[in-house]
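Understanding the architecture of this molecule
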Amino acid sequence: MTALSLPALPPPLRTVLRAIVLALFAFAIFGPLLNLLLWAFAERWYFPNKLPLEFGLTFWYRVFQPRGNALASLGTSVWIAVLTVALSLAVAVPAGYALGRLKLPWRSAILLLFLLPQAVPNLPVYVNIAQVFYQIGLNGTILGVVLVHASHGLVLAVWIASAAFASVDVSLEEASRNLGASPWTCFRTVTLPLAAPGLIASAIFVFLESLDEFTGTYFVGVPDVTTLPLLMFNASMGGNYQIASITALLLLIPSIGFMLVVERFLKADVLAMVGR
Amino acid sequence: MKSIATRDPIADRWVGLALLAPALAVILVFFVAPLAMSAVVAFRRKDGGLTLEHFAKSFDLYTTDLLFTLAIVLASTILIGLVAIAIAGYLTLGENPRAVAILRWLYRWPLFIPFVVAGQVMRTFLAKNGMLNHVLIGTGLIEPLSAQSLLDWRGIVIAFVWKQAPFVTLLLAGAMASIETQHIEAARNLGARRLRVLIDIILPQVRGTLLVGLVLSFVTMLSVLSVPLMINPNSPTMMTVDVAYRINTFGDYAVANALCLLSLILAAGGAWFYLHHAVEKVEHA
C-alpha cells in the first residue's frame, strides 16, 4: 500500500521502501510461526530471555512415546477424518452429480441450503446436537463426532463435487452412450474419472476440516474422544507450551502442505463452475 | 444441458431427488433441526410455556460481552477487508514482478491453518515475553519497561485478521484477475495513479466478491470458540466463551441457546448488509 501511494518517489527509494514493506509483511506472517517453532524445541525458556535457554527434544520424546496421549489423539483424529471423508463423499458424490448434471427444480435453492452450515454460526448447532446426542448416548463416541464433522464438511464436498461434474464434457458421455455403454458403465468409466481431480480436492478439504475441527468436538466429543486439536488446547490451557506447540506443528503440516498444492487439484475450469 | 442418466425430464427429476436425498437428510437432521431446536429451547420455560426470561438473564449478565463480541468481529472484518484490498490490489497492479511474486507466495500461508492453532501461535507471539515484544525492544522501537501483553481484545483481532485475511485476499485477487484489463490500461494511459485505479475502477467491479468474503468471515468469527478461550478467556469476553461456560458449569442450555440466538441475529445483520448492498449493486447496473 505504501509503495502504491507514493509513485512520485525516486526509484532507489521506492525499492528500499518496497523491501521494507515486504519484510514487515514477512515478519507478520512468519514471526508467529517462528515463535511456535522455538517453543516446540525449547527445553527451558522463561522471562526475560529472548531465546530459549536450552534447545532439545525432551518434549518430542514425551509426545511420541509409544503410550503417549499425542499418538493416541493423532490416531483418533485421523480415524475420525477418514470416516468423515467416507461418509461425506458417499452422500456428496450422488448429490453433486444430480446438481451438476441433471435438470432439477429448485436447484439454486438446494445449493443454497447446502451452503447453510458455512453461512450460519455453528455454535447453536453444536450445543443442541450435544444435548440430543447426550440423551441417546452418542456423546463421547467416534460416530457422534463423525456425524457432526460430516454435516459441516458436506457443504464443501457437495459444492466442489457439483462443480467437478458440471465441468465434465457432455459430448464424451454421449459418445460412450452411443457406443452402447449402459448409464452406469458410462458414469463409472467416463464421468467419474474425469471428475476425479475435483472429487479428490473435495475429499482433501473435508479431511482437513475434520482434522482441524475444534468447537464441535469440544461439545460432542467430551469426555472420551480427544482429537489432536483438543489435546493441543488442553496442553496450552494447562500452561505446557512445549507440548501445545509440538501438537500445533503436527496440525500445521497437513494445512500448509495443502496450501502449497491446492491449485494442482482445483483447476481453474472446476473453480469457474463453483456455484454455477 | 442434456442429461445422461435418462432422456426423460420427469424421470430425471425423480432420479435427481433420489440422488440428493441422503445429503439433504444429513443437512436437515444434523444442521437444520438443531438450529430450530435452539429457537425452541431459548423461549421455553421449565413447565413448557413460552417465556422471555432467558433473554432477560442473557442481557442482564452478558450485555457487555455482546457489545464486546460485535465490536471485535466488526473491527476484524473491516481490517480484513483493508488488508485484502491492499494485498490483492498490489498483486493486480504491482509493477515489480519480483515483489508481486514474493507477495503472492507470502500472503497465503495462514490460509488453512485452523483457528485453534492460530490461537496457540498468537498466545505465545503476542505475550509480554513473546517474540513481538522482543523484536520491538531489539530494534529500539519500544523501551523494555513499556512492553505489554497484547493478549486481550487486540490479540483476538490480530489472530482473526492473520487467519482470515488470506481467505478474502484469495477470493479478491481471483476476482480482480478476471477484470478486463482494457479498463485498467485505459485509466493508466490517461495518467491515473494506481491508488485511483484501484479505488475508482477495480473495487467497484469486485465489490460483490469482497462482500461475500467479508460476510462469510464475519459469520465464521462469530462462532469461533478456541481463539477467545485461549487469548482472552476473562470477562469481558466473546459470547462463544459465555455459551461454553453456561453449559459446562451450569448445564444451562436455555440461556446458552438464548445467547446463540442473539449471535444468530448478529449474523443475520451481516446477511442483511450483504443483500442490501448486492441489491443496490443490481439497481445501479
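Calculation rules
- Residues numbered from 1 in each chain as written.
- Chains lettered and ligands numbered in written order.
- Predicted model: local features only at pLDDT ≥ 70, side-chain atom pairs only at ≥ 80, totals over all residues.
- Helix = DSSP H or I, 4+ residues; strand = E, 2+ residues; numbered from the N terminus.
- Buried ≥ 20, exposed ≤ 12 C-beta atoms within 10 Å, placed from the backbone.
- Contact = placed C-beta atoms within 7 Å.
- Domains from an automatic or database assignment.
- Axes fitted to C-alpha atoms, helices over the stretch in contact; angles between N-to-C directions.
- Parallel < 35°, antiparallel > 145°, perpendicular 65-115°, else oblique.
- Left-handed = near helix turned anticlockwise from the far one by under 90°.
- Nonpolar A, V, L, I, M, F, W, Y, C, P; charged D, E, K, R; others polar.
- Core = buried A, V, L, I, M, F, W, Y, C linked by C-beta atoms within 7 Å.
- pLDDT = per-residue confidence, 0-100.
- Expected span 1.5 Å × (residues − 1).

**Some points on the overall build of chain A**
Looking only at helices and strands, one finds 13 helices and 2 strands in chain A. For the C-alpha atoms alone, the extent of chain A along its principal axes is close to 75 × 65 × 35 Å. Here chain A holds 276 residues, and the buried ones make up 46% of them. Considering only contacts within chain A whose residues lie at least 6 apart along the sequence, 71% involve residues at least 24 apart.

**So, the domain arrangement of chain A**
Interfaces are often described in size by the accessible area the parts lose on coming together. Residue and element names in this part refer to chain A. Here chain A is described as being made up of domain 1 (2–56) and domain 2 (69–271). Here the C-alpha centre of domain 2 lies 35 Å away from the C-alpha centre of domain 1. Per-element accounting of the side of domain 1 that touches domain 2 gives the leading share, 3 residues, to helix H2 (residues 11–40).

**As for the packing of helix H4 (residues 115–125) of chain B against helix H6 (residues 153–177) of chain B**
All names here are of chain B. Remark: H4 packs on H6, axes separated minimally by 10 Å, with the N-to-C direction vectors making an angle of 130°. Classified by the angle between their axes, H4 and H6 sit oblique to one another. In terms of crossing hand, the pair formed by H4 and H6 is right-handed. Contact residues: H4 offers Phe115, Ala118, Gly119 and Met122, while H6 offers Gly155, Ile158, Ala159, Trp162 and Lys163. Taken together, the residues of the contact of H4 with H6 break down into 6 nonpolar, 2 polar and 1 charged.

**Some details on the interface of chain A and chain B**
Counting residues at the interface gives 76 residues for chain A, matched by 72 residues for chain B. Among the elements that line the side of chain A that touches chain B, the one with the most residues is H2(A), at 12 residues. Broken down by class, the residue content of the side of chain A that touches chain B amounts to 58 nonpolar, 11 polar and 7 charged.

**Observations concerning the nonpolar core**
Ranked by size, the top nonpolar core spans 165 residues in total, and within it Ala92(A), Leu154(A), Val158(A) and Leu172(B) carry the most contacts. Considering every element that reaches this core, the biggest residue donor is helix H7 (residues 142–166) of chain A, with 17 residues. Once you skip the residues sitting within four places of it in the chain, Leu154(A) turns out to touch Ser88(A), Val91(A), Ala92(A), Phe114(A), Ala23(B), Val26(B) and Ile27(B).

**Some remarks on the domain arrangement of chain B**
All names here are of chain B. Along its sequence, chain B is organised into domain 1 (1–43) and domain 2 (53–284). Summarising the inter-unit geometry, the C-alpha centres of domain 1 and domain 2 are found 33 Å apart. Considering only residue class, the side of domain 1 that touches domain 2 consists of 3 nonpolar, 1 polar and no charged.

**What to know about the confidence of the model for chain A**
Regions with low pLDDT carry predicted coordinates that are not meant to be interpreted in detail. Residue and element names in this part refer to chain A. Confidence in the prediction for chain A averages 84 pLDDT; 91% of positions are at 70 or higher. Mean pLDDT values for the elements of chain A range from 45 in helix H1 (residues 2–5) up to 92 in helix H10 (residues 215–220). Considering only residues more than four positions removed or in separate chains, one finds that residues 1–6, a stretch of pLDDT under 50, has 12 contacts.

**Description of the environment of Pro254(A)**
All names here are of chain A. Its place among the elements puts Pro254 in helix H12 (residues 241–265). Looking at Pro254, the number of C-beta atoms within 10 Å reads 17, which means it is partly exposed. Counting along the chain gives 26 residues from Pro254 to Leu228, while the straight-line C-alpha distance between them is 13 Å. Ignoring anything within four residues of it in the chain, the contact list for Pro254 reads Leu208 and Leu211.

**Quick look at unusual backbone geometry**
For the bond from Val222(A) to Pro223(A), the omega torsion is -5°, close enough to zero to count as cis. If you trace the backbone, Pro223(A) turns up in the loop between H10 and helix H11 (228–237).

**Brief notes about helix H5 (residues 131–138) of chain B**
Along H5(B), the residues that are buried comprise Met131(B), Leu132(B) and Asn133(B). On its buried face, H5(B) is in contact with H2 of chain A together with H4 of chain B. One or two positions beyond H5(B), positive phi appears at Gly140(B), with a value near 80°.

**Structural notes on helix H10 (residues 239–250) of chain B**
For H10(B), with 12 residues, the first-to-last C-alpha span of 16 Å sits near the 16 Å given by 1.5 Å per residue. Once H10(B) finishes, Gly251(B) follows within two positions and takes phi at roughly 60°, a positive value.

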